[in-house]
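Fold and contact review
Here's the letter readout for the chains.
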Amino acid sequence: MRFSINIPNFGDFADARTVARVATVAEQAGWDGLFVWDHVVHSKAQRRGQPFGDPWMLLTAAALATSRITLGTLVTPTARRRPEQLARQVATLDGMTSGRVVFGAGLGGPIDDEFGSFGDETDPKVLAGRLDEGLDLLARYWSGETVNHHGEHYQVDDVTLLPATAQRPRPPVWIAGYWPRKAPMRRAARWDGAVPLFQNANHGEAPPVDELRDLAAYLQQNRTDPTAPYDIIVGGISPTNPTASRALIEPLAEAGATWWDERQLITGTDFYRLDPVLRRIEQGPPTLG
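As the structure is a computational prediction, the values presented were derived from the model and not from experiment.

Scoring rules and cut-offs
- Along every chain, residues carry numbers that run from 1 in the direction the sequence is written.
- In view of the model being predicted, local features appear only for residues whose pLDDT reaches at least 70, and side-chain atom pairs are presented and counted only at 80 or more, with totals across whole chains, interfaces and linings using the full set of residues.
- In computing side-chain values, all of the structure's heavy atoms are included and hydrogens and water are not.
- To get an axis, a line is fitted to the C-alpha atoms, and for a helix only the part in contact is used. The angle between two axes follows their N-to-C directions and goes from 0 to 180 degrees.
- Per the convention used, a helix needs a DSSP run of H or I reaching at least four residues, while a strand needs a run of E reaching at least two, with both numbered from the N terminus.
- Every angle not falling under 35 degrees, over 145, or within 65 to 115 is termed oblique; those three ranges are roughly parallel, roughly antiparallel and roughly perpendicular.
- Here a crossing is called left-handed whenever its near helix is offset anticlockwise from the far helix by less than a right angle, and right-handed whenever the offset is clockwise.
- Two residues form a contact once any of their heavy atoms are found within 4.5 Å.
- Whether a set of points on the 1 Å grid over the protein atoms alone is a cavity depends on a 1.4 Å probe fitting there but being unable to get out, while an open set qualifies as a pocket with protein on both sides within 12 Å along at least five of seven lines; lining residues are those with an atom within 4 Å of a point.
- Grid points are joined across faces, edges and corners, and a volume is the space filled by probe spheres set on the points.
- The salt bridge definition used is simple: a Lys or Arg side-chain nitrogen within 4 Å of an Asp or Glu carboxyl oxygen.
- Here the term buried applies to any residue with accessible area under 20% of the maximum for its type, exposed to any over 50%, and partly exposed to those in between, with areas from a 1.4 Å probe on protein chains only.
- For our purposes a nonpolar core is just a set of buried Ala, Val, Leu, Ile, Met, Phe, Trp, Tyr and Cys residues, chained together by side-chain atoms within 4.5 Å.
- Only when DSSP finds a minimum of two bridges between them are two strands counted as paired.
- When the strands point away from the viewer and the connection leading from the first strand across the helix to the second strand turns clockwise, the crossover is called right-handed.

Glancing now at the packing of helix H1 (residues 16-29) against helix H2 (residues 55-65). Interhelical geometry of H1 versus H2 gives an angle of 45° and a closest axis separation of 8 Å. As summarised for this structure, H1 and H2 are arranged oblique, according to the angle between their axes. In this structure, H1 meets H2 at a crossing whose hand is right-handed. Residue-level inspection shows Ala 16, Val 19, Ala 20, Ala 23 and Thr 24 of H1 in contact with H2, the latter providing Met 57, Leu 58, Ala 61, Ala 62 and Ala 65.

Roughly 940 Å³ of internal volume is contained in the largest pocket. Elements with a minimum of two residues in the lining of the largest pocket: strand S3 (70-77), helix H5 (124-142), strand S7 (173-179), helix H6 (182-189) and strand S8 (193-198).

This part covers the pattern of salt bridges. A full pass over the atoms with the stated rule returns 13 salt bridges. With a closest N to O distance of 3.1 Å, Asp 38 and Arg 81 form a salt bridge. Taken together, the residues span a long stretch of sequence, with Asp 38 in the loop between strand S2 (33-36) and H2 and Arg 81 in the loop between S3 and helix H3 (83-96) at a distance of 43 residues. Among the residues examined, Asp 38 registers a relative accessible area of 1% and is labelled buried.

On to the nonpolar core, then. In a soluble, globular protein the nonpolar side chains are often hidden away together inside. Counting residues in each nonpolar core, the largest one holds 64 residues, and the members touching the most others are Leu 34, Phe 103, Leu 135, Leu 219 and Ile 281. By residue number, the principal contributor to this core is H5, which donates six residues. Ignoring any residue separated from it by four or fewer positions in sequence, one finds Ile 281 in contact with Ile 5, Val 22, Val 25, Ala 26, Ala 29 and Trp 31. With nine residues, the next largest nonpolar core counts Leu 74, Val 102, Trp 174 and Ala 176 among its residues.

Among the six residues in strand S4 (residues 101-106), six count as buried, and that is most of the element. Taking every second residue as pointing to the same face, both faces of S4 are buried, with Val 101, Phe 103 and Ala 105 on one and Val 102, Gly 104 and Gly 106 on the other. In this sheet, S4 lies alongside S3 in parallel orientation, the contact comprising five bridges. Paired with Thr 73 across the two strands is Phe 103, which belongs to S4. For the crossover that starts at S3, traverses H3 and ends in the parallel S4, the hand is right-handed. The pairing of S4 with S7 spans three bridges and is parallel. Residue pairing across strands places Ala 105 opposite Ile 175, the latter belonging to S7.

And the structure:
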């Protein structure tokens, strides 16, 4: 089990210097990763007036301030971005960090905010098609090989994007989605990891162990190579008491989770404020027996 910190790209964390500070403290305190949200707007009525930072600029600041921890987005709505531009951003960051990047992707949401606010497509089926086609293009771009592609959503004629990513054949790709919805988890099974959200566990709440076990079994059944390394990322607020922390997280690890992602509840304001997040980071990651 590895342990990461999860922060949004708005509020106090819109400032790249703040994110660099968070990353530095997280690395010093023994955490294994830092993951940043990727939103342009989000629930406008709830958080009107909050500044937003570009996640790749924020992660660049984190990369320059650290040397060990894994960095990435949880998650990028691939359908909202041009694949060629996204490929360059990820490859540049992967090279800068000597291969410390994970790419988290998903359909994105809230769809009405993230897409509808700008007159973009809001049909989830169309966005899912863009997501799948975009992911396949990203993998080909990251290879450094020449790409020709004529798909439903994207056209590419004789393009080679160099340099290739530092990680070969590419950075790990983790796919987000709600469980027990099957389609996003079938998508996740085709890549390197799953970042599930659960209907019975809000952001900041650990999922039920039996639901995670069912998901892990479903992913295993649908993977092309069930023996290849694979990550399942779950999260919540871990108790600072070591005994209580082990009681919460060890059953999740036994059920198949490989990462615990420390997240604040989104029902208040702590999750986009530096002080409460920094206090938890400084206490260090959970310890398992």
